[in-house]
Amino acid sequence: QVQLVESGGGLVQAGGSLRLSCGASGRSFSSYAMGWFRQAPGKEREFVATISGSGGSTYYADSVKGRFTISRDNAKNTVYLQMNSLKPEDTAVYYCAARGSSWWTSKLIHEYTNWGQGTQVTVSP
């Protein structure tokens, strides 16, 4: 069973940066893809970014492309989300997730089998 713990959220002004981290415990980290999702108040959870098990392939939502970067360090069992040029509309609870059944990327929420508890990101105008 994969357990995920996010960290790095907080309050930042528009235009600023934050880096989220997600540590994983359990079976071989490199055998599954990882994703970041977010959920704003009153809205459905949405896809942000995904990375393959090896880290060689990434995919982003259009809303964050060019501003966010997903990466992973398989030696440390950790995935990161570097967020630059933050906007107030980026305010949400951010969740990392593991796609336990596959090492390939996916933007589909239902394909992720394990989820962290979430970390709040608040961007002030």
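Read on for a plain summary of the structure. Predicted model only: the values in this text are computed from it and were never measured. (Residues numbered from 1 in each chain as written. Predicted model: local features only at pLDDT ≥ 70, side-chain atom pairs only at ≥ 80, totals over all residues. Heavy atoms only, no water.)

Thoughts on the environment of Phe47
Worth spelling out the cut-off: Numbering goes from the N terminus for both helices and strands, where a helix is a DSSP run of H or I of at least four residues and a strand is a run of E of at least two. Residue exposure (1.4 Å probe, protein chains only): buried if accessible area is under 20% of the type maximum, exposed if over 50%, otherwise partly exposed. Only heavy atoms enter the contact rule, under which two residues are in contact if any of them lie within 4.5 Å.
Structurally, Phe47 is set in strand S5 (residues 46–51). Phe47 sits in the buried class, given a relative accessible area of 11%. Residues Phe47 and Tyr60, spaced 13 residues apart in sequence, show a C-alpha to C-alpha distance of 8.0 Å. Leaving out residues up to four positions away in the same chain, Phe47 has contacts with Trp36, Phe37, Tyr59, Tyr60, Ala61, Ser106 and Lys107.

Some remarks on the side chain of Ser102
Rules: Throughout this description, a polar contact denotes any pair of N or O atoms lying within 3.5 Å of each other; where both atoms belong to protein, one of them has to be capable of donating a hydrogen while the other can accept it, and for residues adjacent in sequence the pair is counted only when both atoms sit in side chains.
Following the sequence through the fold, Ser102 ends up in the loop between strand S9 (92–99) and strand S10 (114–115). Only 3.0 Å separates the side chain of Ser102 from the backbone nitrogen of Trp104, close enough to count as a polar contact. If we skip the residues at most four places from it in the chain, Ser102 touches Ser31, Tyr32 and Ala33.

Describing the sheet that holds strand S3 (residues 18–25)
Selection rule: When DSSP finds at least two bridges between two strands, those strands are taken to pair. Axis angles are defined between N-to-C directions and span 0 to 180 degrees, where every axis is a line fitted to C-alpha atoms and, for a helix, only to the segment in contact.
Across the sheet, which stays open at both edges, the four strands sit in the order S1-S3-S8-S7 with antiparallel pairing between neighbours. Every other strand in the sheet has two partners, leaving strand S1 (3–7) and strand S7 (68–73) as the edge strands with one partner each. Strand-to-strand, the axes of this sheet are offset by a mean angle of 15°, without reference to chain direction. Both S1 and S3 contribute to a ladder of five bridges, which runs antiparallel. Across the sheet, the residue bridging to Leu4 is Ala24, located in S3.

Here we look at the pattern of salt bridges
We apply this condition: Salt bridges, as used here, are contacts in which a Lys or Arg side-chain nitrogen is within 4 Å of a carboxyl oxygen on Asp or Glu.
According to the stated counting rule, one finds five salt bridges in the structure shown. Linking Arg38 and Asp90 is a salt bridge whose minimum nitrogen-to-oxygen distance equals 2.9 Å. With Arg38 in strand S4 (residues 33–39) and Asp90 in the loop between strand S8 (78–83) and S9, this residue pair connects regions lying 52 residues apart in the sequence. Overall, Arg38 belongs to the buried group, its relative accessible area being 6%. The shortest N-O distance in the salt bridge between Arg99 and Glu111 comes to 2.9 Å. Within this pair, whereas Arg99 is found in strand S9, its partner Glu111 is found in the loop between S9 and S10, the two being separated by twelve residues in sequence. The exposure class of Glu111 is partly exposed, given its relative accessible area of 24%. Here the salt bridges share partners, and the residues they tie into one network are Arg38, Glu46, Arg67 and Asp90.

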